[in-house]
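In case you want the letters, here they are:
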Amino acid sequence: GLTGVECVHARAEEFAAGHREGCDIVTSRAVAALPMLCELCLPYLRVGGRFIAMKGPDCDDEVAEAENAMHLLGARLEKIEHYTIPGTDITHAAVVIEKIKPTHPKYPRKWAQIKKNML
């Protein structure tokens, strides 16, 4: 029942052209450390948008490690929602990060730089 929605399944580094600060919501799977995911995903959000990162249930330390990245990229932690995968006893967390100001154009950096020196 949603209208005006475009779902895109793409790697962040392949989606860059023409999409900077144009998305309302960006999501990621639990594929990398949260500071790396923040740098890859937050530049695509408009101010007021949300980045939702899927993480394991014990993600508090990882969220704390990402605070500097969130600050540098113009975002803040909104909440952590814990949930159970339907039909299982497996729990995960959705880390919800709000974009509060534009991201500096120098981000995201090249993948090699992100890996070598996380924010």
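Shown above is the structure to which this text applies.
In this numbering scheme, every chain counts its residues from 1 along its sequence in written order. Where local features are concerned, this predicted model is filtered to residues with pLDDT of at least 70; where side-chain atom pairs are given and counted, the filter is 80 or more; whole-chain, interface and lining totals use all residues. As a convention, hydrogens and water are excluded, and side-chain values are obtained from all of the structure's heavy atoms.

**Observations concerning the environment of L73**
The criterion, for reference: For helices the rule is a DSSP run of H or I covering at least 4 residues; for strands it is a run of E covering at least 2, with both sets numbered from the N terminus onward. For every residue, the accessible area obtained with a 1.4 Å probe (protein chains only) is divided by the maximum for its type, and the residue is called buried under 20%, exposed over 50%, and partly exposed between those limits. Contacts are assigned to residue pairs with any non-hydrogen atoms lying within 4.5 Å of each other.
Mapped onto the fold, L73 is located in helix α3 (residues 67–73). When its relative accessible area of 0% is taken as the criterion, L73 is described as buried. For L73, the residues in contact, after removing those within four places along its chain, are C38, E39, L42, K99, K101, P102, T103, Y107 and L119.

**Description of a negative patch on the surface**
Convention followed: Nonpolar side chains (Val, Leu, Ile, Met, Phe, Trp, Tyr) within 5 Å and like charges within 9 Å form the patches, drawn only from residues with over 30% relative accessible area and no salt bridge. Throughout, the Shrake-Rupley method with a 1.4 Å probe supplies accessible areas, and for residues the shown protein chains are the sole cover considered. The term salt bridge refers to a pairing of a side-chain nitrogen on Lys or Arg with a carboxyl oxygen on Asp or Glu at a separation within 4 Å. All tallies of charge rest on Lys and Arg as positive and Asp and Glu as negative; His and the ends of each chain are not included. Charge positions are represented by NZ for Lys, CZ for Arg, CG for Asp and CD for Glu.
A surface patch of like charges, here negative, comprises D58, D60, D61 and E65. Within the secondary structure layout, E65 lies in helix α2 (residues 60–65).

**Topic: the pairing of strand β2 (residues 45–55)**
Heads up, the condition is: Strands were regarded as paired on the criterion that DSSP finds at least two bridges between them. Orient the strands so they point away from the viewer; a crossover is then right-handed if the path from the first strand over the helix to the second runs clockwise.
When strand β1 (residues 23–28) meets β2, the two strands line up parallel, connected through five bridges. Counted as the bridge partner of T27 is I52 from β2. In terms of handedness, the path from β1 via helix α1 (residues 34–41) over to β2 forms a crossover that is right-handed.

**Examining the sheet that holds strand β3 (residues 75–84)**
Selection criterion: Every angle, taken between N-to-C directions, lies between 0 and 180 degrees, and every axis is a line fitted to C-alpha atoms, over only the stretch in contact when it is a helix.
Strands sit in the order β1-β2-β4-β3 across an open sheet of four strands; the sheet is mixed. Looking at strand neighbours, the two that pair on one side only are β1 and β3, the edges of this open sheet. Averaged over all pairs of adjacent strands, the angle between their axes in this sheet comes to 20°, without regard to strand direction. As defined by bridge partners, β3 adjoins strand β4 (residues 91–99) across nine bridges and the pair is classed as antiparallel. Pairing of A75 across the sheet is with K99, part of β4.

**With respect to unusual backbone geometry**
Each neighbour pair has its own omega, and for Y107 with P108 the value is 0°, a cis peptide bond. Mapped onto the fold, P108 is located in the loop between β4 and α4 (111–116). In this structure, E21 takes a positive phi of about 50° despite not being glycine.

**Looking at the nonpolar core**
Here is the rule we go by: Here, nonpolar core means buried Ala, Val, Leu, Ile, Met, Phe, Trp, Tyr and Cys residues that are tied together by side-chain atoms lying within 4.5 Å of each other.
Counting 28 residues, the largest nonpolar core has L34, C38, L42, F51 and I97 as its most contacted members. For this core, the secondary structure elements donating two or more residues are β1, α1, β2, α3 and β4. No other element matches α1, which puts six residues into this core. The contacts of L42, once residues within four sequence positions are left out, are L37, F51, L73, A75, I97, K99 and T103.

Functional significance is not addressed by these values, which are geometric in nature.
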